[in-house]
Structure formats: C-alpha cells, structure tokens
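Each chain, letter by letter, is given below.
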Amino acid sequence: MNSVLESTATDCHAASVPDYTPVDELRALQLHRLQTVVTRAWRQVKLFRSRMDERGLTPDDVRSLDDIRRLPFTKKIDLRDTYPFGLFASPMKDVVRLHASSGTTGKPIVVAYTQEDIDVWTSVLVRCFAGCGLHRGDIMQIAYGYGLFTGGLGAHYGAEGLGATVVPTSGGNADRQIMLMKDFGVTAMCCTPTYFLHLIDRAAELGVDMKELPIRAGVFGAEPWTESIRRHIELKSHIEAFDIYGLSEIIGPGVGCECRRHDGLHIIEDHFYPEIIDPETGEPLPEGSEGELVLTTLSKQAMPMIRYRTRDITRILPGRCECGRTLRRIDRIGRRSDDMLIIRGVNVFPSQVESALLEIEGTLPNYQIVLTRTQGLDQMEVLVEVTPQMFNDKIGALQDLHHRLQGALDHVLGIRVGVSLVEANSLERSEGKAKRVIDRRAS
Amino acid sequence: MKIQQISVFAENRPGRIAAPARLLAQEGIDIRSLYLADTAQYGILRLIVSEWERAAALLEAHGLVAKVTEVLAVEVPNRPGGLADVLGALDGTGINIEYMYAFPCLRGEAAILIFRFADVDAAITRLQTAGINLLASDELLKK
C-alpha cells in the first residue's frame with residue numbers, strides 16, 4: 001500500500017487507503033457491512049422491518065451482494081411519511097446532529113448522524129478532497145450554505161479533516177467572497193457551480209481577474225452541471241474544476257467525487273453501495289447501462305438507507321480508473337427521473353409551489369415556473385394567473401395578494417423566488433395541460 | 001345613484017389595453033371613461049361603458065378577468081374650493097375613499113368625479129344630506 005501512496009502522493013491522504021482496496025477485498029467488506037446494516041435497520045426501523053416481513057425476508061437472506069436486489073427500496077416519500085424521526089435506527093441520545101433538506105411538501109426531510117456517522121462523513125470528504133489533489137496547506141473557502149443544508153458543514157469538516165485551512169464564508173455576499181479569496185490567498189473553493197460562475201462574473205465587474213488569484217481548484221456540487229460549464233469555469237478562472245456528488249438522505253456531499261483524471265465520479269464504495277435500476281420497473285440493469293442510481297449506506301448508524309432511490313440518472317462506468325483507485329465510477333449526473341428542480345443548490349418540487357399557492361387562495365390558480373440563469377445564477381419565477389376570485393379592483397389589494405404569495409413561496413421553498421401576477425389564460429398550455437416548468441437555463 | 005364600473009386585470013405590457021378596447025368596439029359598446037391604475041408589473045383598467053352588463057359578459061367570455069364595482073359619480077362645482085367642499089362633507093364621518101378619478105366630460109359647468117367608497121351606502125346618504133349632487137347612470141351616460 002505504501003508504494004501506491006508514494007507514487008500518487010499528490011492526490012491522496014492517509015485516509016485515502018480504502019480507495020485502493022483490492023476489488024475482491026472490497027466486495028467482501030461491502031457484503032459484511034451490508035449484512036450488518038440490514039440487520040441494524042431490520043432490528044431498529046419499523047418501516048424496514050415490515051417491508052422485509054411482507055417479502056418473507058430476514059437479514060439472513062442476504063448471503064451475497066447480489067441478494068441486495070431482493071431488498072425493498074426506500075424512497076423520499078418514506079422520509080416524509082415518517083417525519084421527523086421515524087427512520088432513525090439510533091436512540092436520540094446517540095444522535096449528535098440533525099440536518100434537513102426540502103421535501104416534496106412543506107415539511108422538510110430530516111437526517112440524523114451519530115458521532116461515528118459524522119466521523120465517516122468527514123473521512124469520505126477527506127478522501128474526495130484528497131482525490132482532487134487538495135492537502136494540508138491548502139486554504140479552502142466553503143461557500144455552501146451553513147446550517148440545516150448538509151453542504152456547508154459537511155464540506156467544512158471534510159476540509160478540516162484534510163488539514164486544510166478553512167474559510168467558512170457560507171453562501172451569499174459575493175463581494176466579500178471575492179475579497180477574502182484575494183486577501184487570504186484562497187487556493188480552493190467549495191460551492192455550487194452556478195455560484196462560482198456568479199463569482200467569476202462579479203470579480204470581473206470588480207476589476208479582479210480570477211486567473212491572477214492563487215485559487216487552483218474548485219469542488220463543485222449540489223446540482224447537476226455540464227462539461228461546457230466546466231470548460232467555461234476553467235477558462236475564466238484557470239482552476240481545475242471537480243464534480244462532487246452527494247445527497248442528504250445518504251450522508252450529504254462526499255458520496256462520490258471526481259479524481260484528477262476527470263473521468264467520472266468515484267463512489268466511496270466501502271460506505272455507499274451503488275446499483276443502477278430501471279426507474280420504471282425497479283429492475284437492476286446490466287452493468288454499464290444508464291438508469292436510476294440506487295444507494296445503500298453500508299455503515300450508517302443513525303439513519304441507515306437501504307436501496308435509496310436517488311432519482312438521479314447515470315451509469316456505472318466500466319473498467320478501472322487510471323488513478324489507481326479501485327472504487328467504481330459513475331457518469332456525471334445530467335438529469336433526474338422525477339420533477340425535482342435544483343435552484344441554486346436547493347431542491348424544489350413543483351408540488352411545493354402548489355401547496356404554497358393553495359395555502360393563500362384555497363383554490364389552485366393556473367401557474368408556471370420559469371427558470372432562467374442570470375450572471376451564472378439560477379433564477380426562479382412563479383407566474384400566477386389571476387382568477388376572478390383573486391382579482392380585486394384595488395391596487396393595494398392586488399399588491400397585498402402579491403406579497404402574501406411571495407411570503408408563502410419563500411416560506412415553503414426556503415429560497416427567494418420571483419412572483420408575477422399574469423392575466424388569466426395567458427400561460428402556455430400543451431395539449432390542454434398546463435406546462436408547469438419552463439427551463440431556459442441551458443440556452 | 002350607483003354606477004356600475006367594470007375593472008379589468010391587465011399585465012403591464014404592450015397591447016394589454018388594446019385587447020378589451022377592441023372587444024368592446026366590435027360589439028358597439030361605448031367606453032365613456034377609462035382610468036388605469038398601475039404598478040410596474042400589472043394594472044387595473046377601470047371602465048365606465050354604455051352597457052355594463054353586456055360588456056362584463058363579453059370580457060369574461062373572452063377570458064379576461066373582469067369585476068363589476070359600484071362607484072358614485074359626484075358633481076363638483078367648477079370653481080376653486082369645489083372639490084374641497086365635497087371632501088369636507090365627508091370629514092369626521094369615517095367614510096373612506098378607496099380611490100377617485102375624474103370623469104372626462106363636464107356636465108354643464110360642473111366637473112364629475114368618480115369615487116369608490118368602502119361603504120357606498122353610507123357615502124350616498126352623507127353626500128346627499130350635504131346637498132351634493134350624485135348623478136344616476138342615465139344622466140352620466142347621456143351625451
């Protein structure tokens with residue numbers, strides 16, 4: 001193992017050792033951990049137990065990794081239905097952290113961590129960052145939101161675990177972000193790719209040439225992004241841009257990350273077991289096929305996720321990466337199999353917009369969500385058709401309606417979006433059905 | 001005494017006033033007064049027309065959101081202090097004016113103001129008691 005570490009000394013850390021586990025050893029470890037986590041969930045989580053019972057299964061039926069396909073799926077709706085703590089497998093006294101992300105209705109999705117889970121989370125991020133060529137001595141600015149969102153604190157502990165100097169700016173205030181990048185000599189940035197695009201543009205307006213700054217790497221995630229965005233970022237800022245993947249339900253950022261080969265994202269397989277299924281039938285697909293990514297947490301204590309349906313569409317790349325890691329890789333995520341939108345890193349469902357509109361008027365007006373990108377930042381506007389019930393002949397009453405809609409949307413979505421009142425029957429419909437989402441971000 | 005005014009919701013973009021105007025023209029309905037209250041994003045078109053029931057049905061049939069509101073047409077002497085006298089009659093009564101605007105035609109020497117009150121019946125009683133002339137619909141629409 002030492003020889004491997006020495007030969008690739010620029011892209012690993014002491015914590016990276018499991019990245020190079022021989023494949024048969026890795027599979028044996030995965031099976032052992034799978035059996036352990038299934039047993040734990042079966043003992044502690046009522047919903048999982050009852051689903052296993054329905055199928056006549058017990059943890060003893062998991063005799064090989066292939067047997068995972070017999071296990072029931074977990075879906076986002078399960079987290080909602082058991083809100084807030086129904087899927088916990090640890091008593092609250094062992095839970096040291098709660099995070100939450102937006103669900104499909106007003107209630108968030110809650111996730112829990114024991115100290116051991118937090119330590120695993122930190123270690124997987126250390127391995128991700130090390131794979132990006134980051135190490136002690138790097139100055140890492142974390143511009144993901146800190147708080148209930150897993151992005152900020154997750155990346156923070158990972159960067160500290162790596163031994164880097166952490167600048168925890170959280171999101172927002174672009175001018176200050178740029179000032180600190182410059183004054184502190186920041187060498188790496190963690191944020192959403194769209195936010196970094198915004199920083200590039202803002203820096204130019206402020207007369208700061210990002211190409212002249214010490215920053216040399218960016219680890220970007222929390223939303224899908226494309227090769228053309230990567231090329232744009234790298235051209236404008238002369239950094240190396242890495243794609244990092246994760247979701248709160250599994251652990252947060254750090255489920256997978258690109259290495260310096262930039263040929264897919266290595267899944268941290270000793271903790272997160274990947275499968276690719278047909279999103280329609282739920283059947284596993286042959287290796288290399290594109291389908292929905294399903295993840296099982298192999299070591300999670302507080303909240304094990306067995307066969308969690310991510311809704312992200314990708315494939316497992318064939319062959320071994322030239323970097324030497326034995327961890328399998330997935331393609332970059334380009335799209336999802338449900339209607340979830342990702343706006344500035346925040347998950348938004350059209351159904352959330354509906355619940356906010358319903359809350360205000362009691363009936364659902366026709367509406368449309370329009371997504372655009374201004375200066376690299378995602379913008380969301382909700383167009384609401386004014387119905388006779390909503391309409392009032394006084395401007396003040398219409399403005400009041402406008403403010404109430406704005407308030408309800410801000411509250412439910414957790415991000416600021418635009419609201420416009422538009423004339424009845426003015427929104428585009430296709431085949432009689434309203435087109436709910438118009439995405440103009442790509443153009 | 002009450003006048004039926006039609007209010008139409010309109011987005012603040014080119015052509016949005018022309019649509020209702022064209023519809024009414026095609027049906028031979030005369031627009032006697034038009035007042036636009038607007039914000040940066042949208043506006044309310046307030047119309048007094050020759051046949052309000054037909055106009056409202058027509059606009060609605062064409063998918064426009066229209067609302068009929070009761071307003072008062074108040075005759076205001078065309079001299080300094082004319083308006084102040086009318087407003088003075090409301091002082092201390094707690095009768096609230098939601099909005100007001102001028103009707104574009106004079107009636108003899110008098111100007112006509114259109115008022116929308118929060119409590120239209122209370123306003124009628126008060127104004128008539130103060131000797132202020134309120135025009136009925138046929139008087140207002142007479143050419």
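Reading the values: rules and limits
Residues numbered from 1 in each chain as written. Chains lettered and ligands numbered in written order. Predicted model: local features only at pLDDT ≥ 70, side-chain atom pairs only at ≥ 80, totals over all residues. Helix = DSSP H or I, 4+ residues; strand = E, 2+ residues; numbered from the N terminus. Contact = placed C-beta atoms within 7 Å. Nonpolar A, V, L, I, M, F, W, Y, C, P; charged D, E, K, R; others polar. Pairing = 2+ DSSP bridges. Buried ≥ 20, exposed ≤ 12 C-beta atoms within 10 Å, placed from the backbone. pLDDT = per-residue confidence, 0-100. Axes fitted to C-alpha atoms, helices over the stretch in contact; angles between N-to-C directions. Parallel < 35°, antiparallel > 145°, perpendicular 65-115°, else oblique. Left-handed = near helix turned anticlockwise from the far one by under 90°. Expected span 1.5 Å × (residues − 1). Core = buried A, V, L, I, M, F, W, Y, C linked by C-beta atoms within 7 Å.

Draft legend 1. Highlighting the overall build of chain A. The helix and strand inventory of chain A stands at 11 helices and 22 strands. For chain A, the share of sequence-separated contacts (at least 6 apart) that also reach a separation of at least 24 residues comes to 68%.

Draft legend 2. Representation of the overall build of chain B within the structure. If you tally the helices and strands in chain B, you get five helices and seven strands. Put simply, chain B runs from its N terminus to its C terminus through helices and strands in the order β-α-β-β-α-β-α-β-β-α-β-α.

Draft legend 3. Structural detail: the interface of chain B and chain A. Chain B puts 16 residues into the contact, and the matching count from chain A is 15 residues. When contributions to the side of chain B that touches chain A are tallied by element, the ones reaching two or more residues are strand S1 (2-11), strand S3 (42-49), strand S4 (66-76) and strand S5 (97-107) of chain B. In terms of residue count, the dominant contributor to the side of chain B that touches chain A is S1 of chain B (four residues). Class assignment for the residues of the side of chain B that touches chain A results in eight nonpolar, five polar and three charged.

Draft legend 4. Looking closely at the pairing of strand S17 (residues 367-374) of chain A. Residue and element names in this part refer to chain A. When S17 meets strand S18 (residues 377-385), the two strands line up antiparallel, connected through eight bridges. Bridging across to S18, Gln-368 finds its partner in Leu-383. Where S17 folds back onto S18 in an antiparallel hairpin, the turn is made up of two residues, including Gln-375, whose phi is positive at roughly 50°. Pairing geometry for S17 and strand S22 (residues 437-439), over three bridges, is parallel. Within the sheet, the bridge partner assigned to Leu-371 lies in S22 and is Asp-439.

Draft legend 5. Layout of unusual backbone geometry. Residue and element names in this part refer to chain A. Pro-84 follows Tyr-83 through a cis peptide bond whose omega is -5°. Note on placement: Pro-84 falls in the loop between helix H4 (76-81) and strand S1 (95-102). Unlike most non-glycine residues, Ser-170 shows phi in positive territory, near 60°. With respect to the helices, strands and loops of the structure, Ser-170 is situated in the loop between strand S4 (165-167) and helix H7 (174-183). Looking at Ser-170, the number of C-beta atoms within 10 Å reads 18, which means it is partly exposed. Although it is not a glycine, Ala-222 adopts a positive phi angle of roughly 75°. Among the structural elements, Ala-222 can be located in the loop between strand S6 (217-220) and helix H9 (227-237). Of the residues examined, Ala-222 has 29 C-beta atoms within 10 Å and is grouped as buried.

Draft legend 6. Molecular detail of the environment of Ala-136 of chain B. Examined against the element boundaries, Ala-136 of chain B turns out to sit in the loop between strand S7 (134-135) and helix H5 (137-141). Between the alpha carbons of Ala-136 of chain B and Leu-72 of chain B there is a distance of 8.5 Å; along the sequence they are 64 residues apart.

Draft legend 7. Representation of the environment of Leu-377 of chain A. All names here are of chain A. Structurally, Leu-377 is set in strand S18. Here Leu-377 falls in the partly exposed class, since 18 other C-beta atoms lie within 10 Å of it. Sequence separation of Leu-377 and Thr-192 is 185 residues, and the distance between their C-alpha atoms is 9.7 Å.

Draft legend 8. Molecular detail of the environment of Thr-39 of chain B. Residue placement: Thr-39 of chain B occurs in the loop between strand S2 (31-38) and S3. Beyond its immediate chain neighbours, meaning those up to four positions away, Thr-39 of chain B contacts Ile-395 and Gln-399 of chain A.

Draft legend 9. Seen up close, the sheet that holds strand S12 (residues 308-314) of chain A. All names here are of chain A. Strands sit in the order S10-S11-S12-S14 across an open sheet of four strands; the sheet is antiparallel. Pairing within the sheet leaves two strands with one partner each, and these edge strands are strand S10 (272-277) and strand S14 (335-336). Sheet topology places S12 next to S14; two bridges connect them, and they run antiparallel. Bridge pairing in S14 links Ile-313 to Arg-335.

Draft legend 10. Main features of the confidence of the model for chain B. Across chain B, the average pLDDT comes to 90, with 99% of residues at or above 70. The ipTM for the predicted assembly is 0.82, set against a pTM of 0.69.

Draft legend 11. Examining the sheet that holds strand S19 (residues 418-422) of chain A more closely. Residue and element names in this part refer to chain A. The four strands lie next to each other as S19-S18-S17-S22, forming an open sheet whose pairing is mixed. Each edge of the open sheet carries a strand with a single partner, namely S19 and S22. Ignoring which end each strand starts from, the neighbouring axes of this sheet average 20° apart. Sitting on the sheet, helix H11 (residues 395-413) is in contact with S18 and S19, with an inclination near 140° to S19.

Draft legend 12. Examining the packing of H7 of chain A against helix H8 (residues 193-205) of chain A more closely. Residue and element names in this part refer to chain A. At their nearest, the axes of H7 and H8 sit 10 Å apart, and the two run at 80° to each other. Classified by the angle their axes make, H7 and H8 are roughly perpendicular. Where H7 abuts H8, its residues Ala-174, Asp-175, Gln-177 and Ile-178 lie against His-198, Leu-199, Arg-202 and Ala-203. Looking at the contact of H7 with H8 residue by residue, the classes come out as four nonpolar, two polar and two charged.

Draft legend 13. Summary view of the packing of helix H5 (residues 115-131) of chain A against helix H6 (residues 150-162) of chain A. All names here are of chain A. The interhelical angle for the contact between H5 and H6, taken along N-to-C directions, is 70°, at an axis separation of 8 Å. What the angle tells us is that H5 and H6 run roughly perpendicular. H5 and H6 meet at a crossing whose hand is right-handed. Of the residues in H6, those in contact with Trp-121, Thr-122, Ser-123, Leu-125, Val-126, Cys-128, Phe-129 and Ala-130 of H5 are Gly-154, Ala-155, Tyr-157, Gly-158, Ala-159, Gly-161 and Leu-162. Counted by class, the contact of H5 with H6 contains 10 nonpolar, five polar and no charged residues.

Draft legend 14. Structural view of the pairing of S2 of chain B. Across seven bridges, the pairing between S2 of chain B and S3 of chain B is antiparallel. The residue bridging Ala-37 of chain B from the neighbouring strand is Ile-44 of chain B, located in S3 of chain B.

Draft legend 15. Just H11 of chain A, in detail. With 19 residues, H11 of chain A ought to run about 27 Å at 1.5 Å a step, and its terminal C-alpha atoms sit 27 Å apart, in line with that. Where H11 of chain A ends, the next residue or the one after it, Gly-414 of chain A, has phi of about 75°, a positive value.

Draft legend 16. Representation of the nonpolar core in the model. Counting 90 residues, the largest nonpolar core has Phe-129, Cys-190, Phe-196, Val-255 and Leu-295 of chain A as its most contacted members. With 55 residues, the next largest nonpolar core counts Leu-357 of chain A together with Val-49, Leu-72 and Leu-135 of chain B among its residues.

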